[in-house]
Amino acid sequence: MITRLRSLTTQWTLLVPVVAVVLLIFTWGRSLPGAVVAVVTLVLAGSVLAAVHHAEVVAHRVGEPFGSLVLAIAVTVIEVALIVTLMVDGGDKSATLARDTVFAAVMITCNGIVGLCLLVASLRHGTAVFNPEGTGAALATVATLATLSLVLPTFTTSKPGPEFSTVQLTFAALSSLILYGLFVATQTVRHRDYFLPITRQGEIITSDDHAAPPSVRAAWTSLGVLGLALVGVVGLAKGVSPTIESGVEAAGLNQAVVGVIIALLVLLPETIAALRSARRDRVQTSLNLALGSAMASIGLTIPAVALASIWLSGPLVLGLGPTHMLLLALTVVVSSLTVVPGRATPLQGGVHLVLFAAYLELAINP
């Protein structure tokens with residue numbers, strides 16, 4: 001019976017991403033009626049679950065922290081492609097799209113995903129334990145990237161408005177790439193043990209013993225299907241975005257809410273994967289996913305939009321407003337206090353979730 005259930009799981013997780021890509025081909029660039037939007041939404045949800053399944057297969061084969069890195073980079077690369085595509089099509093209306101999407105990704109990952117994982121792990125296992133060396137390094141990189149890319153443009157004077165000049169944007173793009181590359185090298189080569197899950201006694205867990213790792217062929221198959229699933233998730237999210245925009249406008253909400261909703265959809269695979277790791281008491285894996293996604297979102301998006309700005313005619317607004325800068329500063333301070341002890345209680349998870357709720361509330365009522 002168990003073997004049959006596993007076979008059914010494998011079949012639908014292989015089928016749904018293919019269906020998503022086929023549906024994406026037939027719906028791309030078209031105005032969708034309500035019934036089609038409902039179908040697209042269902043397939044999108046199925047693609048998210050399939051992406052999580054195949055990401056876990058790949059992660060189980062290559063081990064941590066490589067598994068978290070694969071999912072974070074895969075999702076972010078396609079997310080960056082989506083942002084650039086929307087900016088090219090949006091004109092002046094999309095001037096703040098990159099800023100809003102990147103900031104939404106930072107708040108979702110650093111407060112939403114981190115808060116949920118800490119809360120789930122601590123309620124289930126008493127306390128959530130993780131490695132403060134690796135998590136602290138990741139948090140410092142995220143804070144630096146966010147400040148250089150999203151805060152500094154508000155205070156520079158070379159160009160009017162919260163925008164970088166060409167030289168400043170080039171510096172921000174190169175700095176983002178260098179910092180992200182340096183972090184990946186640290187995470188995967190020099191200090192890989194800092195990013196591995198640990199036991200409650202502080203011992204590093206080098207492998208999972210709950211199941212045998214998949215074969216090389218199965219891992220490569222899952223990697224390919226993971227790419228299809230993520231293309232389907234991001235592409236279908238773009239397809240339903242006009243419906244989301246119409247709903248947001250009809251409700252009289254701020255346009256930034258559109259970016260929040262799309263970022264939530266795109267980050268669903270990482271959220272589910274991180275929560276599953278937290279339930280298994282692998283909180284370090286959850287934090288690798290969350291902070292790695294925030295870092296990749298900034299480190300890859302800023303260089304991409306800097307390159308795209310060569311042919312984009314409209315302005316590129318990257319600087320945050322005072323309210324969002326205050327939220328970012330509070331997030332960095334609270335995250336630092338969470339990381340230092342190397343363990344967390346439900347209180348820390350609740351604090352991060354309250355910050356995330358405040359961000360959502362201010363997005364709706366600025």
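Residues numbered from 1 in each chain as written. Predicted model: local features only at pLDDT ≥ 70, side-chain atom pairs only at ≥ 80, totals over all residues. Heavy atoms only, no water.

A.B. asks: Could you give me a rundown of the packing of helix H5 (residues 132–155) against helix H11 (residues 322–339), with the residues and numbers involved?
C.D. replies: Remark: H5 packs on H11, axes separated minimally by 10 Å, with the N-to-C direction vectors making an angle of 170°. It follows that H5 is roughly antiparallel to H11 by the angle criterion. Residues Pro-132, Thr-135, Gly-136, Leu-139, Ala-143, Ala-146, Val-151, Thr-154 and Phe-155 of H5 form the contact with H11, whose participating residues are Met-325, Leu-328, Val-332, Ser-335, Ser-336 and Val-339. Within the contact of H5 with H11, the residues separate by chemical class into ten nonpolar, five polar and no charged. (Axes fitted to C-alpha atoms, helices over the stretch in contact; angles between N-to-C directions. Helix = DSSP H or I, 4+ residues; strand = E, 2+ residues; numbered from the N terminus. Parallel < 35°, antiparallel > 145°, perpendicular 65-115°, else oblique. Contact = heavy atoms within 4.5 Å. Nonpolar A, V, L, I, M, F, W, Y, C, P; charged D, E, K, R; others polar.)

A.B. asks: Can you break down a nonpolar patch on the surface residue by residue, with the values?
C.D. replies: A cluster of nonpolar residues, Val-18, Val-22, Ile-25, Phe-26 and Leu-228, forms a patch on the protein surface that exposes about 460 Å² of accessible area. If you tally residues by element for the nonpolar patch, the top one is helix H1 (residues 2–27), at four residues. Position of Val-22 among the secondary structure elements: in helix H1. Owing to a relative accessible area of 40%, Val-22 belongs among the partly exposed residues under this scheme. (Patch = residues over 30% accessible without salt bridge, like charges linked within 9 Å, V, L, I, M, F, W, Y side chains within 5 Å. Areas by Shrake-Rupley, 256 points an atom, 1.4 Å probe, with all protein chains shown as cover. Salt bridge = Lys/Arg side-chain N within 4 Å of Asp/Glu carboxyl O. Buried < 20%, exposed > 50% of the residue type's maximum accessible area, 1.4 Å probe, protein only.)

A.B. asks: Go over the environment of Ala-128 with me, naming the residues and quoting the values.
C.D. replies: Its place among the elements puts Ala-128 in strand E1 (residues 128–129). With 218 residues separating them in the primary sequence, Ala-128 and Pro-346 have C-alpha atoms 8.5 Å apart. Leaving out residues up to four positions away in the same chain, Ala-128 has contacts with Leu-118, Ala-121, Ser-122, Val-283, Gly-342, Arg-343 and Ala-344.

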